[in-house]
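A look at the structure
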Amino acid sequence: MNNISREMAKIACRALSEKKAEDVKVIDISEISVIADYFVIASASNSNQLQAMMDAVDEELYKAGYENHQT
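First, a word on what this report is: a plain description of the structure on this page.

Reading the values: rules and limits
The written sequence of each chain sets the order in which its residues are numbered from 1. Note on the predicted model: pLDDT of at least 70 is required for a residue's local features to be given, and 80 or more for side-chain atom pairs to be given and counted; whole-chain, interface and lining totals, by contrast, use all residues. To get the side-chain values, take all heavy atoms of the structure and skip hydrogens and water. Here a salt bridge means any side-chain nitrogen of Lys or Arg lying within 4 Å of a carboxyl oxygen belonging to Asp or Glu. Elements are defined by DSSP. Helices are runs of H or I of four residues or more, strands are runs of E of two residues or more, and each kind is numbered from the N terminus. Buried, partly exposed and exposed residues are distinguished by accessible area as a fraction of the type maximum, computed with a 1.4 Å probe on protein chains only: under 20%, between the cut-offs, and over 50%, respectively. Here, nonpolar core means buried Ala, Val, Leu, Ile, Met, Phe, Trp, Tyr and Cys residues that are tied together by side-chain atoms lying within 4.5 Å of each other. For this analysis, residues touch if any pair of their heavy atoms sits within 4.5 Å.

**Some thoughts on the pattern of salt bridges**
- Taken as a whole, this structure holds three salt bridges when the rule is applied.
- The salt bridge involving Lys63 is made with Glu59; its shortest N-O contact spans 3.2 Å. In this pair, Lys63 and Glu59 are both assigned in helix α2 (residues 47–63), four residues apart and thus about one turn of the helix distant.
- Note that Glu60 is salt-bridged to Lys63, the shortest N-O span being 3.6 Å. One end of the pair, Glu60, and the other, Lys63, are both in helix α2, three residues apart, so they sit about a helical turn from each other.
- On the accessibility criterion, Glu60 (28% relative accessible area) is partly exposed.
- It is possible to trace a salt-bridge network through shared partners that takes in Glu59, Glu60 and Lys63.

This is how it looks when you write it as structure tokens:
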């Protein structure tokens, strides 16, 4: 499972970089959390850029075969 999580984090980082995200950080929380393996954190200069970054991550993960399970 950790390899899948790592690949998803890499995809998210690439998508964020393409949208000019700032201060992208990946934090491994697998040893302290049962609901996630990584936090991917980034900064945006405005709300429009933030929305574009979120959309890009969702789209790239979807293209890679990972579904969004938000409720």
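**Observations concerning the nonpolar core**
- Judged by nonpolar contacts, Ile11, Ala12, Ala15, Leu16, Ala21, Met53, Ala56, Val57 and Leu61 together constitute the single largest core of nine residues.
- Going through the elements one at a time, α1 (2–18) and α2 are the ones with two or more residues in this core.
- If near-sequence neighbours (up to four positions away) are discounted, Ala21 is found in contact with Leu16, Ala42, Ser43, Gln49 and Met53.

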